[in-house]
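In case you want the letters, here they are:
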Protein chains: 2
Amino acid sequence: MKNHASLVLLCVVAAGVAFAAGPDEKKKPLTTAEVLESAQPSDWRRPTPGQTLYVELAAGRVIIELAPQLAPRHVGVIRQLAAEKYYDGLPIARVQDNYVVQWGDVDEQRKIEPPLRTLPDESVVPWHQRMGFIKLPDKDGYAPETGWIDGFPVGLNRKSPASAWITHCYGVVGVGRNDPPDSGSGTELYVVIGQAPRHLDRNIVTVGRVLRGMEILSSLPRGTGALGFYEKPEQRVPIRSIRIAADVPEAERTNLEVLRTDTPLFTKFVEARRNRREGWFTTPLGHIDVCNINIPVRDVSGPKT
Amino acid sequence: MKNHASLVLLCVVAAGVAFAAGPDEKKKPLTTAEVLESAQPSDWRRPTPGQTLYVELAAGRVIIELAPQLAPRHVGVIRQLAAEKYYDGLPIARVQDNYVVQWGDVDEQRKIEPPLRTLPDESVVPWHQRMGFIKLPDKDGYAPETGWIDGFPVGLNRKSPASAWITHCYGVVGVGRNDPPDSGSGTELYVVIGQAPRHLDRNIVTVGRVLRGMEILSSLPRGTGALGFYEKPEQRVPIRSIRIAADVPEAERTNLEVLRTDTPLFTKFVEARRNRREGWFTTPLGHIDVCNINIPVRDVSGPKT
């Protein structure tokens, strides 16, 4: 299989490339693997269990990190619904190729308290410097600036009143809605499974991203109905439960670490992705899109006893 | 299910929205559905059967349109290999989430004639005006210009010597290679199944795109080995055959039509995607990436008798 080199995408977390460079070689630009090899424990962070969701499916656990700074009201409601076991037994009902997987109360049959039914539109949120912003140096066509806040890919507009929003990258989770922008109640959620549908940016509320288990969602059979909805009830994929990680006994949690985005190491990581230096590449392009930076995630759970 | 409006992606080909506008309404910007509704037969083209591949899998037929102008030598070899039934029985062996599906002679066991083993690098090709180029007005970070040639998404650099290349959008097909840029012989092919890996542009040879059947490839189980290779032989997906459509009896062909990209209608189509005017949208963004324009394809096969 062409010594695995054909189409190299570094399996960044697993890659254990030894980096034993002499003084001269140290001046060379680093590859992604070399950057990660040099990471210290402080370059990684553990997502807050209170802001992490476990979506339990027959095929496994999908783990979502919520972004309370970037959609505070919606994240609050989703956490409340998860705490109340609202989502348990609801289905994944829509899988549209190169677009989204959607789940929840698609039949609009489960009641929730009226105050939760209409939330303020949070498709963009006010931005203050104290929220932080790690800028990607490259230009973006959809947003004045892009980068990361709390590890989530974002667009930023500093023009007063400054605003920020999660960009619709692969794995980003949003809140389905009807035509009125305030009609997304958190009872239906979706995740991006294809080319970033950035035309949705600033049009719909995004609440977080999948840290683990994307392959479970992205490999589901595509729905053949309009918009990728499953046409037969038996095609739907039942959700066993959605829980806040903090509500799950510690022994049953998956302990993930995510590469911090607010470190000098992350700057090197981005540079290594902007200009690919692995031997396979002939032409480093000196550019990257915010949605082409996959923030490394690793499982630091000990062996289960 | 929120009257299907949550997360509208127009099912563009199927959409049959009646467009009966009065004189005033005609001045309104059109939606995608309205543009397509006004398409004439001449706005569509039939891919050349001699440049179309049928990849036959147990799950169905995947149809690839080859791009002879954009990788003439590689397309020639792939057509020759298909004509010789070289690919028959080889497997899909790699499915890496958010990246590629890869198939062919991954074990490097099938001999091909030595002259075919080393082809010139065609990761970019010389561009002349007679090749055509339909420009997308929006800026791109990876290429000086983007647009379409023969209906394929491309990057273009007019700086002498002018060059063009297919951009790595969802559904684009390329030729796996080892580290030497001329080591891709066409015996292994891949297709993009996630966020456009544009860092591969100008680094590897692209030869066409999937017109139909992407959902068969994109929903395959992900490989758990390095780079998404399947670890067990039984996980591999056998390819029944790959044939040039022209070599298939007419009654067994799938008759597709693709929206032309060199028409005034296509310009309107792009504008309708750059600024979404459907009622669901609150904020048209005035920008689109070349990889976010999905060129409509329709099946015009009559009913099978």
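Keep in mind that this is a model prediction, so the values were computed, not measured.

## Side note on the overall build of chain A
Regarding its fold elements, chain A presents five helices and 17 strands. Within chain A, the fraction of its 305 residues that count as buried is 59%. In chain A, 71% of the contacts between residues at least 6 apart in sequence involve partners at least 24 apart.

## What to know about the relation of the copies chain A and chain B
Copy one and copy two of the chain differ by a rotation about a common axis and a shift along it. Taken as rigid bodies, chain A and chain B are interconverted by a rotation of 180° and an axial shift of 0.0 Å, the fit giving an RMSD of 0.0 Å. Seen this way, the second copy is the image of the first under a two-fold rotation axis.

## So, the state of the cysteines
All names here are of chain B. Tallying each qualifying case throughout the model produces two disulfides over all chains. Each disulfide pairs two cysteine sulfurs, and for C169 the partner residue is C291, the sulfurs being separated by 2.0 Å. The chirality of the disulfide connecting C169 with C291 is left-handed, given an S-S dihedral of about -75°. Placement of C169 in the loop between strand 10 (163-166) and strand 11 (172-175) and of C291 in the loop between helix 5 (264-274) and strand 17 (297-299) is noted, with a sequence separation of 122 residues between them. Assessed through its relative accessible area of 5%, C169 is described here as buried.

## Description of helix 5 of chain B
Taken together, the buried positions of helix 5 of chain B are occupied by L265, F266, F269, V270, A272, R273 and R274 of chain B. Looking at the buried residues of helix 5 of chain B, the elements they touch are helix 1 (32-37), strand 7 (134-135), strand 8 (145-149) and strand 16 (256-259) of chain B.

## Some words on the sheet that holds strand 14 (residues 237-238) of chain A
All names here are of chain A. Strand order across the open sheet formed by nine strands is 14-4-5-12-11-13-3-2-15, with antiparallel pairing between neighbours. The two strands at the open ends of the sheet, each matched to only one other strand, are strand 14 and strand 15 (241-244). Pairing between strand 4 (residues 91-96) and strand 5 (residues 100-104): four bridges, direction antiparallel. Residue pairing for strand 5: R94 is matched across the bridge by Q102.

## Some remarks on the pairing of strand 16 of chain B
All names here are of chain B. With burial as the criterion, each face of strand 16 is covered, one bearing L256 and V258 and the other bearing E257 and L259. Bridge count for strand 1 (residues 44-45) against strand 16 is two bridges, and the pairing is antiparallel. Residue pairing for strand 16: R45 is matched across the bridge by V258. Sheet topology note: the strand 16/strand 17 ladder contains three bridges and is antiparallel. Bridged to E257 within strand 17 is R298.

## A few points about the packing of aromatic side chains
Residues and elements named next belong to chain A. On inspection of all chains with the given rule, the structure shows 10 aromatic pairs over all chains. When the ring of W148 is compared with that of F266, the centres are 5.0 Å apart and the planes differ by 85°; the resulting orientation is edge-to-face. Here W148, found in strand 8 (residues 145-149), pairs with F266, found in helix 5 (residues 264-274); they are 118 residues apart in sequence, far enough to count as distant. Accessibility expressed as a relative area gives 2% for W148, which makes it buried. Owing to a relative accessible area of 1%, F266 belongs among the buried residues under this scheme.

## Comments concerning the sheet that holds strand 7 of chain B
Residues and elements named next belong to chain B. Strands sit in the order 6-10-9-8-7 across an open sheet of five strands; the sheet is antiparallel. Every other strand in the sheet has two partners, leaving strand 6 (125-126) and strand 7 as the edge strands with one partner each. Here four bridges tie strand 9 (residues 152-157) to strand 10, and the two strands are oriented antiparallel to one another. By the bridge assignment for strand 10, V154 is matched with I166.

## So, the side chain of N292 of chain A
Position of N292 of chain A relative to the elements: it lies in the loop between helix 5 and strand 17 (297-299). On the basis of relative accessibility, which here comes to 11%, the residue N292 of chain A falls in the buried class. Apart from the residues lying within four places of it in its own chain, the contact partners of N292 of chain A are Y142, Q195, A196, P197 and R198 of chain B.

## Observations concerning unusual backbone geometry
All names here are of chain A. Residue S160 is joined to P161 through a cis peptide bond whose omega torsion reads -5°. Here P161 shows up in the loop between strand 9 (152-157) and strand 10 (163-166). The backbone of N98 sits at a positive phi, close to 60°, despite the residue not being glycine. Locating N98 in the fold gives a position in the loop between strand 4 and strand 5. Exposure remark for N98: the relative accessible area of 12% places this residue in the buried category. A positive phi is found at R202, a non-glycine position, where the angle reads about 65°. With respect to the element layout, R202 can be found in the loop between strand 12 (188-192) and strand 13 (206-212). Residue R202 is classed as partly exposed on the basis of its relative accessible area of 22%.

## Quick notes on the side chain of R274 of chain B
Residue and element names in this part refer to chain B. Mapped onto the fold, R274 is located in helix 5. Of note is the side chain of R274, whose polar atom sits 2.9 Å from the side chain of E271. Ignoring anything within four residues of it in the chain, the contact list for R274 reads P137, D138, L285, G286, H287 and I288.

## Let's talk about the pattern of salt bridges
Residue and element names in this part refer to chain B. Scanning all chains against the criterion turns up 32 salt bridges over all chains. Between E56 and R61 there is a salt bridge; the shortest N-O distance is 2.7 Å. For R158, the salt bridge is made with E145, and the minimal N-O distance between the two is 2.6 Å. Taken together, the residues R158 in the loop between strand 9 and strand 10 and E145 in strand 8 connect sequence positions 13 residues apart.

## What to know about the confidence of the model for chain A
Summing up the model confidence of chain A, the mean pLDDT is 90 and the portion of residues at 70 or higher is 90%. The complex prediction reports pTM at 0.91, with the ipTM value standing at 0.90.

## Side note on helix 2 (residues 72-83) of chain A
Residue and element names in this part refer to chain A. If you check helix 2, its first and last C-alpha atoms are 16 Å apart, about what 12 residues at 1.5 Å a residue would give, namely 16 Å. Taken together, the buried positions of helix 2 are occupied by H74, V75, V77, I78, L81 and A82. One side of helix 2 carries all its buried residues, which in axial view fall inside an arc of 160°.

## A closer look at the interface of chain A and chain B
Contacts between chain A and chain B engage 68 residues on the former and 68 residues on the latter. One can count zero salt bridges joining chain A with chain B. Inspection of the chain A/chain B interface yields 26 residue pairs in polar contact (both at pLDDT 80 or more). Secondary-structure elements contributing two or more residues to the side of chain A that touches chain B are strand 4, strand 5, strand 12 and helix 4 (214-218) of chain A. Top contributing element to the side of chain A that touches chain B by residue count: helix 4 of chain A, with three residues.

What counts, and at which threshold
Residues numbered from 1 in each chain as written. Chains lettered and ligands numbered in written order. Predicted model: local features only at pLDDT ≥ 70, side-chain atom pairs only at ≥ 80, totals over all residues. Heavy atoms only, no water. Helix = DSSP H or I, 4+ residues; strand = E, 2+ residues; numbered from the N terminus. Buried < 20%, exposed > 50% of the residue type's maximum accessible area, 1.4 Å probe, protein only. Contact = heavy atoms within 4.5 Å. Least-squares fit on C-alpha atoms with pLDDT ≥ 70 in both. Disulfide = S-S within 2.5 Å. Pairing = 2+ DSSP bridges. Phe/Tyr/Trp six-rings, centres within 6.5 Å; stacked < 30°, edge-to-face > 60°. Polar contact = N/O pair within 3.5 Å; in protein donor to acceptor, adjacent residues only side chain to side chain. Salt bridge = Lys/Arg side-chain N within 4 Å of Asp/Glu carboxyl O. pLDDT = per-residue confidence, 0-100. Expected span 1.5 Å × (residues − 1). Arc of directions from axis to C-beta.

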